[in-house]
Amino acid sequence: QVQLVESGGGLVQAGGSLRLSCVASGRIFSIKFMGWYRQAPGKQRELVAGITSGTSTNYLDSVKGRFTISRDNAKNTVYLQMNSLKPEDTAVYYCKAEISSSALYVFRDYWGQGTQVTVSS
């Protein structure tokens, strides 16, 4: 019923930039929180950046000042601009959204399939 599709990952040298996009489609009535998570090999998935429907944002301490999250509500899309990338940013990045499919406002979490970000030193 609802799908999240990420794009924009890839291989970049340290100090470079990438912009991730995540589009939500399907039966969508309302989107509350949207966020980007990442999971490196052998590590737990962690929240990198999140944005509410009111555009309040929060960031993982290690990415503050380098990453910027934004959203386009008309397009049901969330972005993550990543600058000054470091090798330790290497991970699979996942998009998550809290979506209600009706006016009952019952929200559930949806996840994208993930996109690989690799930063070489």
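Up top is the structure these notes are about.
These numbers were taken from a predicted model, which means no experiment stands behind them.

Caption draft 1: Spotlight on the packing of aromatic side chains. Per the counting criterion, the structure on display carries 3 aromatic pairs. With 6.3 Å between their ring centres and 40 degrees between their planes, Tyr105 and Phe107 make a pair best called tilted. In this structure an aromatic cluster arises from ring pairing among Phe29, Tyr105 and Phe107. Across from the ring centre of Phe107, 4.4 Å away, lies the NZ or CZ of Lys32, which sits over that ring. A cation sits over an aromatic face here: Arg45 above Tyr94, 3.8 Å from the ring centre.

Caption draft 2: The nonpolar core, seen in detail. Counting 29 residues, the largest nonpolar core has Leu4, Trp36, Leu80, Met82 and Tyr93 as its most contacted members. Listed by contribution, the elements that provide at least two residues to this core are β1 (2–7), β3 (18–26), β4 (30–39), β5 (46–51), β7 (67–72), β8 (77–82), β9 (91–100) and β11 (115–120). Tallying contributions element by element places β9 first for this core, with 5 residues. Ignoring sequence-local partners within four residues, the contact set of Tyr93 consists of Glu6, Leu20, Trp36, Tyr37, Arg38, Val48, Phe67, Leu80, Met82, Gly114, Thr115 and Val117.

Caption draft 3: Structural detail: the pairing of β11. Of the two faces of β11, the one lined by Thr115, Val117 and Val119 is fully buried and the one lined by Gln116, Thr118 and Ser120 carries no buried residue. The pairing of strand β2 (residues 10–13) with β11 spans 4 bridges and is parallel. Looking across to β11, one finds that Val12 is bridged to Val119. Alignment of β9 against β11, held across 3 bridges, turns out to be antiparallel. Looking at the pairing, Tyr93 lines up with Thr115 of β11.

Caption draft 4: Summary view of the sheet that holds β7. One open sheet accounts for 4 strands, arranged β1-β3-β8-β7; its pairing is antiparallel. Two strands bound the open sheet, and with one partner strand each, they are β1 and β7. On average, adjacent strands in this sheet sit at an angle of 15 degrees to one another, irrespective of strand direction. Pairing analysis gives 6 bridges linking β1 to β3, with the strands arranged antiparallel. The residue of β3 that forms the bridge with Leu4 is Ala24.

Caption draft 5: Quick look at the environment of Arg19. Checked against the element boundaries, Arg19 lands in strand β3. Sequence-wise, Arg19 and Met82 are 63 residues apart; in three dimensions their C-alpha atoms are separated by 5.9 Å. In this structure, Arg19 is in contact with Ser7, Gly8, Tyr79, Leu80 and Gln81, ignoring residues within four places of it in sequence.

Caption draft 6: Region of the structure containing unusual backbone geometry. The phi dihedral of Ser84 is positive, around 50 degrees, even though this residue is not glycine. Turning to its location among the elements, Ser84 is positioned in the loop between β8 and β9. The exposure class assigned to Ser84 is partly exposed, which follows from its relative accessible area of 40%. Positioned with a positive phi, Tyr105 is a non-glycine residue whose angle comes to about 55 degrees.

What counts, and at which threshold
Residues numbered from 1 in each chain as written. Predicted model: local features only at pLDDT ≥ 70, side-chain atom pairs only at ≥ 80, totals over all residues. Heavy atoms only, no water. Phe/Tyr/Trp six-rings, centres within 6.5 Å; stacked < 30°, edge-to-face > 60°. Lys NZ or Arg CZ within 6 Å of the ring centre and 35° of its normal. Core = buried A, V, L, I, M, F, W, Y, C linked by side-chain atoms within 4.5 Å. Buried < 20%, exposed > 50% of the residue type's maximum accessible area, 1.4 Å probe, protein only. Helix = DSSP H or I, 4+ residues; strand = E, 2+ residues; numbered from the N terminus. Contact = heavy atoms within 4.5 Å. Pairing = 2+ DSSP bridges. Axes fitted to C-alpha atoms, helices over the stretch in contact; angles between N-to-C directions.

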